[in-house]
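In case you want the letters, here they are:
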Amino acid sequence: MFWILVVLRLLKEEMDANAGDAVQWQRNGPRRTRLTMLPWIILCSSLWLAADGQMKISPETVQKWAESFGKEIASLSTKYSGAELLQKKYKDVEGVLKIEEVDGGELVKKFAEEMEKMLGRKMKSVKRLAEAAEEADLYHEYNDTLEFEYYNSMLINMADEDGNPLPLGGEFPLEKNEHFSKLPVNTQQSNIQVPTNVYNRDTDILNGAYMSEALNDVFIDNFQKDPTLTWQYFGSSSGFFRLYPGIQWIPDENGVVTFDCRNRNWYIQAATSPKDVVIVVDVSGSMKGLRLTIAKHTINTLLDTLGENDFVNIIAYSDYVRYLEPCFKGILVQADLDNREHFKLLTSELHVKGEGKVKNAMKESFRILNEAAALGQGSLCNQAIMLITDGAMEDFQDVFQEFNWPERRVRVFTYLIGREMTFAENVKWIACNNKGYYTHISTLADVQENVMEYLHVLSRPMVINHDHDIIWTEAYMDSVLPTTKELFNSQAQSLLLMTSVAMPVFSKKKETLSHGILLGVVGTDVALKELMRLAPRYKLGVHGYAYLITNNGYILSHPDLRPLYKEGKKLKPKPNYNSVDLSEVEWEDTEEKLRTAMVKGETGTLSLDVRTSVDKGKRVMFLKNDYFYTSINETPFSLGIVLTRGYGQYIFVGNVSVEEGLHDLLAPDLTIASEWTYCETDIDPAHRKLSQLQAVVRYLTGKEPDLECDVQLMQQTLFDAVVTAPMEAYWTALMLNTTGMDDGIETAFLGTRSGLMRFQRYAGIEKRVGMSFLTATDKENMFTLDHFPLWFRRAAEYPAGQFLYYMPRQDTRAGRIVISTTAITVTVGKKTAIAGAIGVQMTLEVMESRFWAIASQPNDTDCSDVEGICPLRCDSFDMECYVIDNNGFVLISKQRTDAGTFFGEVDGAVMSTLIRMGMFKRVSLFDYQAMCKMNTHSVSRARPLLNSFYALASTLKWFLSNFLLFLLEFNVCGFWHTEHFADASAHKKKGDLLQPCDTEYPSFVYEPSVKETNSIIKCGRCQKMFVVQQIPQSNLLMLVVQADCDCSRQYSPITMEPKEVKYISSVKCDRMRSQKIRRRPESCHAYHPQENANDCGGASAASLSTLLFLICPSIASFLYQW
């Protein structure tokens, strides 16, 4: 490089000497010869450079730049944050502080006890509802001619064309309520929702609605006794849903209400004990057309009635027996959401062929169930076979004699598909002689009601025994209420979930005792965020957290649970969002010791070295975590808490007078964590509109002495308010000194472990670049129920007093800004605890301007003792200079678009060398909750000339199927399975669809023991030289790189893109078959001697016009074969 510069200088001198004398130029041969030789000199110089191995960039110069730049930015950060002053203030009070070691074992037990009390109150409320419902039914006489006007939640406050209230509607006062997600509700009255496919004046509906009016008073009384209760409800076995408080139910865009309480997990789990189910489906040639469509819909509806305590498999038969999922051959698999969706996908691909031979299929089903029972697998409770067929030519008595009689331990339920009744007697005989139930399904509209019958049969032993088992559901996301979609964008994902507690309601009438009549299920919801408030964040420290799992090892709540994914601009629940296992989140627990202990309901502790990520997976941290866990009595749940070694081990306690603390708490620059519970504002309706800061102030001033407040948290908040109070005056003085203010310094901020925050805006809103920083929408940088601010967590990685710098992600609205932050600590004896973090937010230009000013040697630099290029300038065309952070992200570059980009994408050659030299370490992280694009191998590329025809055909197909839907919604020829026919219009191409997958993604971290390095990279005919120097007192590095050697052919960019983990078929199968340890529910009701097994079903017929009777199956068959 040095010789190139010499040659260029010679060339310039030569041209200057001859610029004004063209004649002399022509006559002067030697000059011409000299100029002619210049290209050869340049070429030779280039060849010399290619062979030369000396470093031409001076490491000493780069070191001086790094030192100067480090001092500049440290001075800026220290001055405008006030970190030294705040550290001094906390140092001054160390004499009156007490630092305590956090006892994780005691803490988790205390949290579990609080949760047990809270959940116990919900269970008592549900018991009162169940008792009231059974009492009301006992004294209610069924009336076939009953006329009763109830409030239908679809029809309330609506009028006809003449302005008259609609029948079953009428005036129903609604008022927005903070406690119920600001929905308009009526807390004095419940109302009733009826699905569109159920007649709202059916005699069963009217009698049930009349009887359940008695629950209104109990709903209100429960809410008064426990104001933290949310929705209370009664789901009737006849299909209606009584909800308190009453609401206006909003139908979908088609005016349809598909919600049926009997399909909800809380209803199904409460109505039955755990079960093992083998679904046997006939796929012989006679099942073609509409019959197969009905059979598929029946399978899907059966799958929807299963939960994570149930086990299932599906067998298809024709000439031979085959498993829908060959990997599941001979076993039962847990009916979690993941497996149910997998079975549904396989069901959609079923085709008919051959002759139906059911005998072998029945034998195989019995073998599966018998082997599971013998090995102690499955639910070890109810066992059932669901036979879906269009007929049976014999009754297979010999099969039942061999496998099921005389105990009849396995119930057999039969579903006769189609209108043919030729072999109906055999199909019914099979069910009636195996304690099952027979139904005839001739249309899609019949499926829902007929499938639900098996639940009533399985509930008989429990009903006859009057065993009121309380159940708790897995986590779920209720998409019924209209505000849920809005909440998707406003809260932490893991806090959108809820669980339900439910209890069955039985008929106590003696005349129907042997029939075991289930009236319905009562229940209430518990928002998991309310439960997690009982494990306060301030007690767990910067990186600590609490989490909950079920008896099956699935996550109820965890800060790393991500139940949503983005499809376009919309957030949607993942297909497997509530069957994410603890081992998939705490994936460092490779031996699953933590999971096993918690699933078994044990109490204990475990330590793990973990790799965890922050900033949406961009940055890795290495932590030593201590896990403490215990079970929550009377529930299937276990609670765990995590304390991180170091800052998580200790908590300090300070004390000031209320008067002194209250004065500083009212400062205008102060806020407290709005999502934390300093005072309980949800008990008294009058307090619900109070912010947490308002509630604290009113409690401390004696205006609201009845508020329930966290005394320890308030005491710490008051102490922090007093110690941090001088910062307001410090920041204000800087801001008022306008002549001394540097442009681009926008916000100073601090936060303490108590959730207290102070910040000062140095720049007005019209000049501010970081518009969203520390606003209500900037959840990542605020104290939330889920986490401490990102700048607080990152500051805790570094020693107090050392600033850490980073750029927020570019997908935020924060703009091109830099955050500079450092930790504040207190020390008593040998114990050190973190008191808080403090920092400053500035524009990127602030750092850029200082860097470019420093990284440029003046032209008059003394170069006598310097080897290499001198003067060295970063603004030179043959130099590239960068500032990157400890995770390899660019802050400063000539190409301003590089800012925020991973350096490996900018220069793969240098980054590869730094990794090889040990200056950076590649760390593999795993995401077991990822979503990947589906394989596109199934997308056909054939017959391109016919594409327009098939597009037209698909449109016609969509039109015909939706025309049928119009008829079917009026129950003319049954509800159609819309997904089967509307593929062309309703679904995306497979390549665009996302599905759950596992991914591995890299993160990179700087090795701080390597302060500086330099090297030469050989790239074909040239060599790239670079120098790297750590910037003192920071997490930053300075890179100076030779720019005129392109190494892109030899070194590909290094990206941080995740890669899907592809499992070979055998490994994938092993993973799918694996049965993790789980804790079974304690109760099982599979048999009762008084059960009336003769009540085993009958036929179901639909009333159709002759014309539609003819056209519906024909059109359906035509569309199916198309």
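Everything in this summary refers to the structure shown in the same document. (Residues numbered from 1 in each chain as written. Predicted model: local features only at pLDDT ≥ 70, side-chain atom pairs only at ≥ 80, totals over all residues. Heavy atoms only, no water.)

**A closer look at the overall build of the chain**
Turning to step 1, where the next piece is worked out: Summing up its helical and strand segments, the chain has 32 helices and 42 strands in all.
Turning to step 2, where the next piece is worked out: Here the chain holds 1122 residues, and 55% of them are scored as buried.
Turning to step 3, where the next piece is worked out: Considering only residue pairs separated by 6 or more positions, the chain has 74% of its internal contacts joining residues 24 or more positions apart. (Helix = DSSP H or I, 4+ residues; strand = E, 2+ residues; numbered from the N terminus. Buried < 20%, exposed > 50% of the residue type's maximum accessible area, 1.4 Å probe, protein only. Contact = heavy atoms within 4.5 Å.)

**Structural notes on the state of the cysteines**
Turning to step 1, where the next piece is worked out: Counted under the stated rule, the structure contains eight disulfides.
Turning to step 2, where the next piece is worked out: The partner cysteine of Cys381 in its disulfide is Cys1084, sulfur to sulfur 1.9 Å. One disulfide, between Cys381 and Cys1084, carries an S-S torsion of 105° and so falls in the right-handed class. Taken as a pair, Cys381 in the loop between helix H12 (358–374) and strand S12 (382–389) and Cys1084 in the loop between helix H31 (1065–1073) and strand S42 (1097–1098) lie far apart in primary sequence, 703 residues in all.
Turning to step 3, where the next piece is worked out: Cys1022 shares a disulfide with Cys1045; S-S distance 2.0 Å. One disulfide, between Cys1022 and Cys1045, carries an S-S torsion of 75° and so falls in the right-handed class. With a gap of 23 residues between them, Cys1022 in strand S39 (residues 1022–1030) and Cys1045 in the loop between strand S40 (1036–1042) and strand S41 (1059–1060) connect regions that are remote in the sequence. (Disulfide = S-S within 2.5 Å.)

**Quick notes on the pairing of strand S5 (residues 232–236)**
Turning to step 1, where the next piece is worked out: Across the five residues that make up S5, a large majority, five, are buried.
Turning to step 2, where the next piece is worked out: What you see with S5 is no split at all: Gln232, Phe234 and Ser236 on one side and Tyr233 and Gly235 on the other are buried throughout.
Turning to step 3, where the next piece is worked out: In terms of strand pairing, S5 meets strand S6 (residues 241–244) through four bridges, oriented antiparallel. Counterpart to Gly235 in the pairing with S6 is Phe241.
Turning to step 4, where the next piece is worked out: Pairing analysis gives five bridges linking S5 to strand S17 (residues 518–527), with the strands arranged antiparallel. Considered in S17, the bridge of Ser236 is made with Gly520. (Pairing = 2+ DSSP bridges.)

**Quick look at the sheet that holds strand S36 (residues 920–933)**
Turning to step 1, where the next piece is worked out: Strand order across the open sheet formed by three strands is S36-S37-S41, with antiparallel pairing between neighbours. Strands with a single pairing partner mark the edges of an open sheet, and in this sheet they are S36 and S41.

**Let's talk about the sheet that holds strand S32 (residues 817–828)**
Turning to step 1, where the next piece is worked out: Across the sheet, six strands lie side by side as S26-S30-S29-S33-S32-S31; this open sheet has antiparallel pairing. Whereas interior strands pair on both sides, the edge strands pair on one side only; in this sheet they are strand S26 (670–672) and strand S31 (804–806). Taking the axes of each pair of neighbouring strands and ignoring which way they run, one obtains an average angle of 20° across the sheet.
Turning to step 2, where the next piece is worked out: Packed on one face of the sheet, helix H4 (residues 59–81) meets strand S29 (745–752), S31, S32 and strand S33 (831–843) and runs near 105° to S33.
Turning to step 3, where the next piece is worked out: Most of the contacts of helix H5 (residues 83–92) go to S32, to which it runs at about 20°, and overall it touches S29, S32 and S33. (Axes fitted to C-alpha atoms, helices over the stretch in contact; angles between N-to-C directions.)

**Structural notes on the nonpolar core**
Turning to step 1, where the next piece is worked out: In this structure, Phe69, Tyr90, Trp791 and Met847 are the most contacted members of the largest nonpolar core, which totals 211 residues.
Turning to step 2, where the next piece is worked out: Sort the elements by how many residues they give to this core and helix H6 (residues 104–138) lands first, with 13 residues.
Turning to step 3, where the next piece is worked out: Every residue in contact with Phe69, bar those within four places of it in the chain, is listed here: Met847, Arg850, Phe851, Ile854, Val883, Ile892, Ile1031 and Met1038.
Turning to step 4, where the next piece is worked out: One finds Ile299, Ala316, Val447 and Val457 within the second-largest nonpolar core, a separate group that totals 41 residues. (Core = buried A, V, L, I, M, F, W, Y, C linked by side-chain atoms within 4.5 Å.)

**Remarks on helix H21 (residues 692–700)**
Turning to step 1, where the next piece is worked out: For H21, the complete set of buried residues consists of Gln692, Ala695, Val696, Val697 and Leu700.
Turning to step 2, where the next piece is worked out: Against the buried residues of H21 lie helix H20 (658–665), S26, strand S27 (679–680) and helix H22 (711–724).
Turning to step 3, where the next piece is worked out: Positive backbone phi, at 85°, marks Gly702, one or two positions downstream of H21.

**Regarding the packing of H20 against H22**
Turning to step 1, where the next piece is worked out: Interaxial distance between H20 and H22 falls to 8 Å at its minimum, and their mutual angle equals 65°. What the angle tells us is that H20 and H22 run roughly perpendicular. For the element pair H20 and H22, the recorded crossing hand is left-handed. Every residue of H22 that contacts H20 at Val658, Glu660, Gly661, Leu662, Asp664 and Leu665 is listed here: Thr717, Leu718, Ala721 and Val722.
Turning to step 2, where the next piece is worked out: Partitioned by chemical class, the residues of the contact of H20 with H22 number six nonpolar, two polar and two charged. (Parallel < 35°, antiparallel > 145°, perpendicular 65-115°, else oblique. Left-handed = near helix turned anticlockwise from the far one by under 90°. Nonpolar A, V, L, I, M, F, W, Y, C, P; charged D, E, K, R; others polar.)

**Here we look at the pairing of strand S18 (residues 545–549)**
Turning to step 1, where the next piece is worked out: Along S18, five of the five residues are buried, which leaves the element largely enclosed by surrounding structure.
Turning to step 2, where the next piece is worked out: Side chains of S18 alternate between two faces, with Tyr545, Tyr547 and Ile549 and Ala546 and Leu548 buried alike.
Turning to step 3, where the next piece is worked out: With five bridges connecting them, S18 and strand S24 (residues 638–644) associate as antiparallel partners. Counted as the bridge partner of Ile549 is Ser638 from S24.
Turning to step 4, where the next piece is worked out: Pairing analysis gives two bridges linking S18 to strand S19 (residues 555–557), with the strands arranged antiparallel. Its bridge partner lying in S19, Ile549 is registered against Ile555.
Turning to step 5, where the next piece is worked out: Taken together, S18 and the strand that follows it, S19, pair antiparallel across an intervening segment of five residues, in which Gly553 is found at a positive phi of about 85°.

**Points about H4**
Turning to step 1, where the next piece is worked out: Compared with an ideal rise of 1.5 Å per residue, which puts 23 residues at 33 Å, H4 spans 32 Å between its outermost C-alpha atoms and is within 8% of the ideal.
Turning to step 2, where the next piece is worked out: Two residues or fewer past H4, Gly82 is found with a positive phi of approximately 80°. (Expected span 1.5 Å × (residues − 1).)

**Notes on the packing of H5 against helix H23 (residues 726–736)**
Turning to step 1, where the next piece is worked out: At a minimum axis separation of 10 Å, H5 and H23 run at an interaxial angle of 160°. Taken together, the axis directions place H5 and H23 in an arrangement best described as roughly antiparallel. Here H5 and H23 pass one another in a crossing that is right-handed. Two secondary-structure elements touch here, H5 through Leu85, Leu86 and Lys89 and H23 through Pro726, Met727 and Tyr730.
Turning to step 2, where the next piece is worked out: For the contact of H5 with H23, the residue count by class is five nonpolar, no polar and one charged.

**What about the environment of Gln87?**
Turning to step 1, where the next piece is worked out: Along the chain, Gln87 turns up in helix H5.
Turning to step 2, where the next piece is worked out: When its relative accessible area of 22% is taken as the criterion, Gln87 is described as partly exposed.
Turning to step 3, where the next piece is worked out: Sequence separation of Gln87 and Ala800 is 713 residues, and the distance between their C-alpha atoms is 8.6 Å.
Turning to step 4, where the next piece is worked out: Ignoring sequence-local partners within four residues, the contact set of Gln87 consists of Ala800, Ala823, Ile824 and Thr825.

**Considerations on the environment of Pro1081**
Turning to step 1, where the next piece is worked out: Summarising the element assignment, Pro1081 is placed in the loop between H31 and S42.
Turning to step 2, where the next piece is worked out: The partly exposed category is assigned to Pro1081, whose relative accessible area is 33%.
Turning to step 3, where the next piece is worked out: Along the chain, Pro1081 and Ile471 lie 610 residues apart, while their C-alpha atoms are 9.0 Å from each other.
Turning to step 4, where the next piece is worked out: Every residue in contact with Pro1081, bar those within four places of it in the chain, is listed here: Pro274, Asn309 and Asn551.

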